[in-house]
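Per-entry structural report
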Amino acid sequence: MTAVLPARTLAQAVLVKLPAILTAGLLLFTFLPRARENPRLGWTFIAAAGLMAVWQLILWALSRRRGQALAVEFVPVSSHYVQAFVQFCILIWWGWFAPEVYLEFPLILAQVVFLYILEALITWSRGRTWRIGFGPLPIIFSTNLLLWFKDDWYFFQFAMVALGALAKQFITWERNGRRTHIFNPSAFGQFLFALGLIFTGTTNELTWGKQIAASFETPHMLIVIFLGGLLVQYLFHVTLMTLAAMSMLIVLNLGYTQATGLYYFVNVNIAAPIFLGLHLLITDPATSPRTNLGRVIFGALYGIGYFVLFRMLDLYEVPLFWDKLLPVPILNLCVPMIERLTRSGILGRFNQGWESILPPRRLNLAHMACWAAVFGGMYATGYIEAPHPGNSIPFWKKAFAENRMHAGHSLVLAAGAQAEGGHSGAAYNELGLICMEGKIVRENHAAAAKHFARACELGNVDGCANTVIQFLFLKEWKSDADVDHALDLLEAVCDAEPGVGACFLVGKAYETGRGRPRDLARAIALYERCGKDDLYAAKGLARIALLPDAPSYVPGGIEQTLVQASVYGDSESCWYLAFLYDRGLGVAKDPVKSRRFLEAACRLGVKEACDIKAMPSLPPFTKPRMLVPGWYSAFPLSPSPAS
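This write-up is about the structure you can find in this document. (Residues numbered from 1 in each chain as written. Predicted model: local features only at pLDDT ≥ 70, side-chain atom pairs only at ≥ 80, totals over all residues. Heavy atoms only, no water.)

Topic: the overall build of the protein
A count of helical and extended segments in the protein gives 32 helices and four strands. Principal-axis analysis of the C-alpha atoms gives the protein an extent of 120 × 65 × 40 Å. The buried share among the 643 residues of the protein stands at 51%. For the protein, restricting intrachain contacts to residue pairs at least 6 apart in sequence, the fraction spanning at least 24 positions comes to 71%. As displayed, the protein offers around 29,100 Å² of accessible surface, 63% of which is attributable to carbon and sulfur atoms. Once the 54 positive and 46 negative side-chain charges of the protein are each reduced to a mean point, those two points are 11 Å apart. (Helix = DSSP H or I, 4+ residues; strand = E, 2+ residues; numbered from the N terminus. Buried < 20%, exposed > 50% of the residue type's maximum accessible area, 1.4 Å probe, protein only. Contact = heavy atoms within 4.5 Å. Areas by Shrake-Rupley, 256 points an atom, 1.4 Å probe, with all protein chains shown as cover. Lys, Arg positive; Asp, Glu negative; His and termini not counted. Charge placed at Lys NZ, Arg CZ, Asp CG, Glu CD.)

Laid out in structure tokens, this is it:
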């Protein structure tokens, strides 16, 4: 007869084989289009599955040798599946406005599979029963609300998840008579990797963290997080941490504005990523205080930590999205001390009196009512869900011009937020100007070229002009395609609207043969479209007329513009006037004036003028080597619309 296994035994037999089934499933992710297009991502799945398979074979061999079966039981924990549900809802809402989130779902699922396998193997390796439930879900969902590694470096994502799982298993303390983990598992792995990325300066190179933070600012995201948070607060009585953290941020933020007249948080008073942190990062019931007063202290310390880190990371040019994460493991370590403080002495008696006012469930409802009132007040007054007046590039440019505290860094943040979040060409152009000037951040022409190219790609004419200026005068550009696109747009602008600076830049390209085929006739036509009062176009016309290989061309009406510039000390104008008067091109021939302008050019630093002024007659015209104007003086741009 065939023995019939009890249902419970049969379920356990299936669950014991689950890691092997999931390991095979992990290999299936190599067939994802992204994994097939990127071999490094494909090998990440193969390596993870291979490591898990070898580990399982060793465990099974040891189990058979010792005659000990691998034990497993299904233990669903409400805090796990409730948190996972709330986090998944936030992911869905975020992805509705940022489609790249939905594209990440297969990789998120791969992490879930990996963590289930890993938890089983770690537990069995310690000789314990694998308590399978929903624990991996909130860890993975929380991690992916904050950080994704790029596909080339995705093995770090698995390593980060593994660190959190190991910390949960091995870094524990005694709490209310039982051992429990100290650190929030999703925060711990990210914390360690954050330190490594910060110290190596590779955050933007290896991760999508910056893009995640920008795209997370979706419409009504704070309301979605608030509503989801209510469910967690009702079931697990963690309201006071969120309420205390938010209250501390409000007090510090308003105090700063009152004292300085500026805004501490540049674009919005409360950004969606930190609001997420207030609800999900610090409210893990297993790694936070259990007393009411302890929760208030814990939340307030988180608010202070975030407030301080926001400024510190900004000053040291560290990506700001780390500010909401870094305080969490440090505060987790403080939980034993906070619990001791709030269970003894004056604080203990105060806490005991507080907790005895009402039954726990009713008292928590009172706390939730207070939090709802605070949130409603913030929403009604426009403190949240709306940018404040500081969400403006002109606001921070004015503050920077007035030498106001931290205004320069705030200007960079404002421009960066508008560029990344709003895909604003004007904001990208502003970032390029900041990188070029080097007054706020280190001068970086390559970064400026990247920002200008992006601004031009988004249709910003000033960004296109700056792209061409860098190309023509500084020999710096991101790609030939960017320069071609910029010149195409500027030429179209010039054809539609004569008299604009775009005509000069396109004319310069045709004159020099850089970015456009050398065509002096076309250059002349473009320079003439700038108008006779345009100094840079006037210089271009003079220069072409004096060139030995120039077409038969006599510049007319530019004398007054060049003479006026020479009066103000423009050495290049003096040099051209000397040759124009010597040749009688566009002006009456006048050797006396020619010599006078030659002497002026020499005094103003034109070495070639000094070398030839003693000659009885002027040699053939050449362009002085020193005449390579800086990017900012080559062509005076009008302010971009954002500024």
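There's plenty left to go through after this.
With respect to the packing of helix H12 (residues 221-236) against helix H18 (residues 360-381)
H18 packs onto H12 with a crossing angle of 170 degrees between their chain directions and a minimal axis gap of 10 Å. Between H12 and H18, the angle is such that the two are roughly antiparallel. Here Leu-222, Ile-223, Phe-226, Leu-230, Gln-233 and Tyr-234 of H12 come into contact with H18, specifically with Arg-361, Asn-364, Leu-365, Met-368, Trp-371, Ala-372, Phe-375 and Tyr-379. Here the residues of the contact of H12 with H18 are counted per class, giving 11 nonpolar, two polar and one charged. (Axes fitted to C-alpha atoms, helices over the stretch in contact; angles between N-to-C directions. Parallel < 35°, antiparallel > 145°, perpendicular 65-115°, else oblique. Nonpolar A, V, L, I, M, F, W, Y, C, P; charged D, E, K, R; others polar.)

A word on the nonpolar core
Considering soluble globular proteins, one finds that nonpolar side chains tend to be buried as a cluster. Residues Trp-94, Phe-275 and Trp-322 are the most contacted members of the largest nonpolar core, which totals 136 residues. Among the elements that make up this core, the one with the highest residue count is helix H6 (residues 99-125) (15 residues). Excluding residues that lie within four positions of it along the chain, Trp-322 makes contacts with Leu-147, Gln-190, Ala-194, Leu-197, Ile-198, Thr-203 and Leu-313. Phe-471, Val-506, Cys-530 and Phe-597 belong to the second-largest nonpolar core, a separate cluster that totals 58 residues. (Core = buried A, V, L, I, M, F, W, Y, C linked by side-chain atoms within 4.5 Å.)

Re the layout of surface pockets
Counted as a void, the second largest pocket has a volume near 1,100 Å³. Lining the second largest pocket are 40 residues, and of these His-80, Lys-168, Arg-178, Thr-180 and His-181 sit closest to its centre. Residue assignment for the lining of the second largest pocket shows that the elements contributing at least two residues are helix H5 (78-97), H6, strand S2 (130-132), helix H7 (136-144), helix H8 (155-170), strand S4 (178-181) and helix H9 (185-200). If one sorts the elements of the lining of the second largest pocket by residue count, H5 sits on top with five residues. Grouping the constituent residues of the lining of the second largest pocket by class yields 15 nonpolar, 16 polar and nine charged. (1 Å grid on protein atoms, 1.4 Å probe; cavity = no way out; pocket = protein on both sides within 12 Å on 5 of 7 lines; lining within 4 Å. Points joined across faces, edges and corners; volume = space filled by probe spheres on them.)

Examining the pairing of strand S3 (residues 172-175)
Taking every second residue as pointing to the same face, the buried face of S3 carries Trp-173 and Arg-175, while none of Thr-172 and Glu-174 on the other face is buried. Across four bridges, S3 lies against S4 in antiparallel orientation. Each bridged residue has a counterpart across the sheet, and for Thr-172 the counterpart in S4 is His-181. Here S3 folds back onto S4 in antiparallel fashion, the turn holding two residues, of which Asn-176 has a positive phi close to 55 degrees. (Pairing = 2+ DSSP bridges.)

Concerning the state of the cysteines
Joining two cysteines, a disulfide is a covalent bond between their sulfur atoms. Within this structure, the stated rule accounts for three disulfides. Each sulfur in the disulfide pair Cys-494 and Cys-503 lies 2.0 Å from the other. Note on the Cys-494 and Cys-503 pair: the S-S dihedral is about 110 degrees, so by sign convention the disulfide is right-handed. Grouping residues by exposure puts Cys-494 and Cys-503 together as buried. The disulfide bridge from Cys-602 ends at Cys-610, spanning 2.0 Å between sulfur atoms. (Disulfide = S-S within 2.5 Å.)

Some remarks on helix H15 (residues 292-315)
Between its first and last C-alpha, H15 extends 35 Å over 24 residues, near the 34 Å set by a 1.5 Å rise per residue. In terms of residue burial, H15 counts as a mostly covered element, since 17 of its 24 residues are buried. (Expected span 1.5 Å × (residues − 1).)

Observations regarding empty space enclosed by the protein
A water-sized probe rolled over the atoms picks out the places where empty space is left. Tallying each qualifying case throughout the model produces five cavities of 30 Å³ or more. In this structure, the largest cavity encloses a volume near 50 Å³. Together, Leu-145, Leu-146, Gly-209, Ile-212, Ala-213, Phe-216, Pro-273, Leu-276, Phe-321 and Lys-324 line the largest cavity. Taken together, the elements giving at least two residues each to the lining of the largest cavity come down to helix H11 (209-215) and helix H14 (272-281). Among the elements that line the lining of the largest cavity, the one with the most residues is H11, at three residues. Here the residues of the lining of the largest cavity are counted per class, giving eight nonpolar, one polar and one charged.

Remarks on unusual backbone geometry
Backbone geometry places Glu-385, a non-glycine residue, at a positive phi of 65 degrees. Inspection of the secondary structure assignment puts Glu-385 in the loop between H18 and helix H19 (393-401). Glu-385 gets classed as partly exposed once you look at its relative accessible area, which sits at 30%.

So, the pattern of salt bridges
Considering all chains together, one arrives at 24 salt bridges under this definition. Between Arg-543 and Glu-572 there is a salt bridge, and its shortest N-O distance comes to 3.4 Å. Of this pair, Arg-543 sits in helix H27 (residues 535-546) while Glu-572 sits in helix H29 (residues 571-583); the two residues are 29 residues apart in sequence, bridging distant segments of the chain. Each member of the pair Arg-543 and Glu-572 is classed as buried. Close ionic contact of Asp-611 with Lys-607 constitutes a salt bridge, the shortest N to O distance being 3.2 Å. With a gap of four residues between them, Asp-611 and Lys-607 both fall in helix H31 (residues 607-612), about one helical turn apart. Residue classification places Lys-607 among the partly exposed positions, given a relative accessible area of 49%. Salt bridges here are not isolated pairs; linked through shared partners, they connect Asp-488, Glu-491, Asp-495, Arg-516 and Arg-522. (Salt bridge = Lys/Arg side-chain N within 4 Å of Asp/Glu carboxyl O.)

Focus: the packing of aromatic side chains
In the structure shown here, the tally under the stated rule is 44 aromatic pairs. Considering the side-chain rings of Phe-265 and Phe-307, the 5.9 Å spacing of their centres and the 90 degrees angle between planes classify their relative orientation as edge-to-face. Residue Phe-265 is found in the loop between helix H13 (239-260) and H14, and its partner Phe-307 is found in helix H15; the two are separated by 42 residues along the sequence. The exposure class of Phe-307 is buried, given its relative accessible area of 12%. Above the ring of Trp-208, the side-chain terminus of Lys-150 is found at 4.6 Å from the ring centroid. Positioned above the aromatic ring of Tyr-264, the side-chain terminus of Arg-311 is 4.6 Å from the ring centre. (Phe/Tyr/Trp six-rings, centres within 6.5 Å; stacked < 30°, edge-to-face > 60°. Lys NZ or Arg CZ within 6 Å of the ring centre and 35° of its normal.)

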